[in-house]
Amino acid sequence: MSERNGGDIIGEELRKQGVGHLFTLCGGHISPILTGCEKHGIRVIDVRDEVTAVFAADAVSRMTGIPGIAAVTAGPGVTNTMTAVKNAQMAQSPLIVFGGATATILKGRGSLQDIDQMSLMTPITKWCTRVTTLSGLAPTVQRAFEVATSGVPGPVFIEVPVDVLYPEEIVKEWYLAESGVEQMSGITGKALELYLKGHLARQFHAPHVSFDFSTPEPKLPFRTDAATLMERTVEALANAERPVLIVGSQAVVNKTAAEAYDLADAVNALGVPTFLGGSARGLLGRFSDIQFRHKRSAALKKADVVIVAGFPFDFRLGYGRKFNAHATVISANLSATDLRKNHKPDIGFESHPGDMLLDLAQKSRGPQARWDEWFVELRGRETARDVEIEKQGDAHSGELVSPVAFFNRMEELMSDDAVLVVDGGDFVATGAYVLRPRGPLRWLDPGVFGTLGVGGGFTVGAQLVYPSSQVWLLYGDGSSGYSLAEFDTYCRHGLAPIAVIGNDASWGQIARDQVKVLGTALGTELLRTAYHTVAEGYGGEGLLLTDAADTDKVLKRAIKLSASGRPVCINVHLAASDFREGSMSM
């Protein structure tokens with residue numbers, strides 16, 4: 001197709017925006033987008049499920065600061081993405097999804113896979129739009145990047161009908177063939193021919209008309225001058241006896257790796273005891289004198305100044321009820337709603353929380369000597385909890401593998417540049433207590449939606465962003481069922497992650513409390529399935545671990561295979577564990 005077409009225009013515009021990858025599952029409605037991207041040097045990664053394509057785009061967005069891009073075919077192709085799009089909306093990840101659609105002239109007439117996609121996607125996106133002319137494609141893509149990344153970031157959906165993507169001559173042939181106009185005679189045939197030619201002319205030659213899509217920003221009732229807010233924050237921190245800083249995902253949204261390291265330097269300069277959550281995990285590296293991983297609630301109950309950067313007052317912070325009643329609470333959030341939901345901060349910045357911390361680090365007086373006693377108290381609790389976890393791992397004896405003991409060894413054997421992707425419940429959450437992310441933008445979890453099934457897509461995206469790094473995917477045996485087929489994708493595209501499946505033959509996080517409360521394991525029981533063999537069937541390498549004594553041998557074997565370019569699945573048969581008893585979230 002030498003003639004310029006809609007797919008070519010999309011590819012050109014994406015390349016201008018710095019996009020390196022397009023994630024997709026092929027479909028006739030969207031084929032020109034794939035070829036257009038390839039023409040402009042964008043690598044096309046085809047996966048085994050449309051939801052994976054969007055999860056992969058989300059991962060790239062979080063790790064590069066550039067919105068990830070997915071293209072899916074019409075109808076079920078679009079509906080298959082909805083969980084991933086909603087997950088991105090709740091995680092405030094900027095990404096763009098192109099959805100194929102029936103020809104403009106056939107809309108609503110019962111053509112293949114023709115549904116009202118706009119009504120489905122509008123509630124779960126930041127902007128949902130439809131392009132019906134060739135001239136509208138480039139400005140719509142440009143606007144999509146602005147919308148996705150500005151204000152509170154989020155996903156954008158662009159519906160692109162098939163007849164806007166293919167070359168004009170091919171579309172003309174389709175129109176004439178499908179309409180039967182060539183077999184018509186008389187005034188009816190002539191009228192239909194004129195209508196079709198006019199429709200084509202508008203599609204391919206009409207100039208684009210710009211619209212102003214801006215909406216007024218809501219103003220907070222307690223908002224004051226930003227400089228005054230910063231002065232009050234600097235003063236509060238300087239006078240604090242027991243300060244705490246909580247950094248969430250939004251602090252690193254739209255940030256490149258270099259910018260994330262700048263943010264880490266700022267947090268270190270502040271010298272405040274710090275807890276990290278979401279995509280901010282790993283911001284301070286594997287070890288840090290100011291970072292704490294355990295007993296956050298206990299710290300908040302005694303803190304006199306709490307800075308919450310990019311973390312809403314939701315269930316993870318006890319809906320804002322976990323703070324010392326006399327503490328000065330300072331919060332920064334891009335969302336005016338999230339900034340005051342459940343708890344009104346004493347000082348509220350409606351701004352990028354990462355940028356607020358950079359500014360605060362420049363203006364603050366640095367660590368205060370009187371905080372030493374507070375650090376000693378926090379470190380005492382941290383050390384006690386680490387020792388307790390270590391003992392729980394050592395205490396296991398007998399058959400199968402203790403999840404705590406397994407993660408203790410994995411923590412020591414992971415490389416210093418490792419990336420961690422987590423997708424699951426009990427096993428994965430146990431790993432989160434033990435494993436230490438190695439650096440900024442090297443931890444991927446679903447976010448506040450708690451979505452299962454992110455693993456395959458997040459891993460594809462992570463391995464493409466960090467092609468020379470170890471990428472570890474932590475699966476529960478339940479969650480692995482959502483995306484284990486992406487081993488096929490890893491093999492076809494030369495990706496070599498290490499997937500670890502914690503196999504307890506159960507949806508363990510639910511079963512533990514369900515059995516205790518309701519007296520039945522109904523719906524939570526699985527089998528000790530040979531997941532490693534399934535991975536081998538897709539072309540990967542499979543390893544089975546059933547004896548704790550073999551843990552180091554299996555992990556080292558997996559690392560060696562991955563380094564040679566082979567994706568690996570370790571099927572770890574787990575012993576029963578009460579490490580996270582009472583942890584079912586609702």
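Please read all numbers here as calculations on a predicted model, not as lab measurements. Sequence positions are assigned chain by chain, starting from 1 and proceeding in written order. It should be noted that, the model being predicted, local features are given only for residues of pLDDT at least 70 and side-chain atom pairs only at 80 or more, the latter also being counted only at that level, while totals for whole chains, interfaces and linings use all residues. By convention in this description, side-chain values take in all heavy atoms of the structure and omit both hydrogens and water.

Caption draft 1: Fine view of the nonpolar core. Nonpolar cores were defined as sets of buried Ala, Val, Leu, Ile, Met, Phe, Trp, Tyr and Cys residues, with membership established by side-chain atoms within 4.5 Å. For every residue, the accessible area obtained with a 1.4 Å probe (protein chains only) is divided by the maximum for its type, and the residue is called buried under 20%, exposed over 50%, and partly exposed between those limits. Formed by 99 residues in total, the largest nonpolar core has its most connected members in F23, L283, I307 and L357. We call two residues contacting when some pair of their heavy atoms lies within 4.5 Å. Those residues in contact with I307 that sit more than four places away from it in its chain are L237, V244, L245, I246, I330, M356, L357 and L360. Counting residues in hydrophobic clusters, the runner-up holds 35 residues, among them I69, W127, V164 and Y166.

Caption draft 2: View of helix α15 (residues 353-363). Strands here mean DSSP runs of E at least two residues long; helices mean DSSP runs of H or I at least four residues long; both are numbered from the N terminus. Regarding α15, the residues found buried are P353, G354, M356, L357, L360 and A361. Around the axis of α15, the buried residues are gathered within 155° of arc, so they sit on the same side. In this description, one arc is meant: the one made by directions from the helix axis to the C-beta atoms.

Caption draft 3: Highlighting the packing of helix α1 (residues 6-16) against helix α7 (residues 137-149). Whenever a helix is involved, its axis is fitted only over the stretch in contact; in every case the axis is a line through C-alpha atoms, and angles between N-to-C directions fall within 0 to 180 degrees. Their axes nearest at 9 Å, the elements α1 and α7 cross at an angle of 35°. By crossing handedness, the relation of α1 to α7 is classed as right-handed. Where α1 abuts α7, its residues G6, I9, I10, E13 and L14 lie against L137, A138, V141, Q142 and F145. Gly falls in the polar group here, along with every residue not listed as nonpolar (Ala, Val, Leu, Ile, Met, Phe, Trp, Tyr, Cys, Pro) or charged (Asp, Glu, Lys, Arg). Among the residues making up the contact of α1 with α7, the classes are represented as seven nonpolar, two polar and one charged. For a crossing to be left-handed, the near helix must be turned anticlockwise from the far one by less than a right angle; the clockwise case is right-handed.

Caption draft 4: Structural detail: the sheet that holds strand β13 (residues 443-444). Reading across the sheet, the six strands line up as β13-β12-β14-β15-β17-β16 and stay open at both edges, with parallel pairing between neighbours. Both outer strands of the open sheet, β13 and β16 (541-545), are each paired with one neighbouring strand and no more. As paired strands, β16 and strand β17 (residues 568-573) are joined by five bridges and run parallel to one another. Among the inter-strand pairings, L544 is bridged to a residue of β17, identified as N571. Relative to strand β14 (residues 471-476), helix α18 (residues 426-434) is tilted by about 135°, and along the sheet it contacts β12 (419-423), β13, β14 and β15 (498-503). For two strands to pair, DSSP has to find at least two bridges joining them.

Caption draft 5: Fine view of the side chain of T73. Within the element layout of this structure, T73 appears in the loop between β3 (68-72) and α4 (76-79). We define a polar contact as two N or O atoms separated by no more than 3.5 Å, with the added condition that, inside protein, one atom must be a possible hydrogen donor and the other a possible acceptor, whereas residues neighbouring each other in sequence contribute only through side-chain atom pairs. Within the structure, T73 has its side chain in polar contact with the side chain of H29 (distance 3.3 Å). In contact with T73, other than residues within four places in its own chain, are L25, G27, G28, H29, I30, E50, V78, G100 and Q113.

Caption draft 6: Highlighting the packing of aromatic side chains. Aromatic pairing here means that ring centres of Phe, Tyr or Trp (its six-membered ring) are within 6.5 Å. Orientation follows from the plane angle: under 30 degrees is stacked, over 60 is edge-to-face, and everything else is tilted. All chains considered together, the criterion is met by eight aromatic pairs. A centroid spacing of 5.8 Å and a plane angle of 90° characterise the contact between F313 and F323, whose relative ring orientation is edge-to-face. One end of the pair, F313, is in the loop between β9 (305-309) and β10 (328-332); the other, F323, is in the loop between β9 and β10, with 10 residues separating them in the sequence. With respect to class, F313 is no different from F323; both count as buried. In this structure an aromatic cluster arises from ring pairing among F275, F292 and F375. Here, a charge over a ring means that NZ of Lys or CZ of Arg falls within 6 Å of the ring centre while also lying within 35 degrees of the ring normal. Geometry around Y466 places R442 over its ring, the cationic atom sitting 3.9 Å from the centre.

So, to be careful, I would describe these as geometric facts and stop short of saying anything about function.
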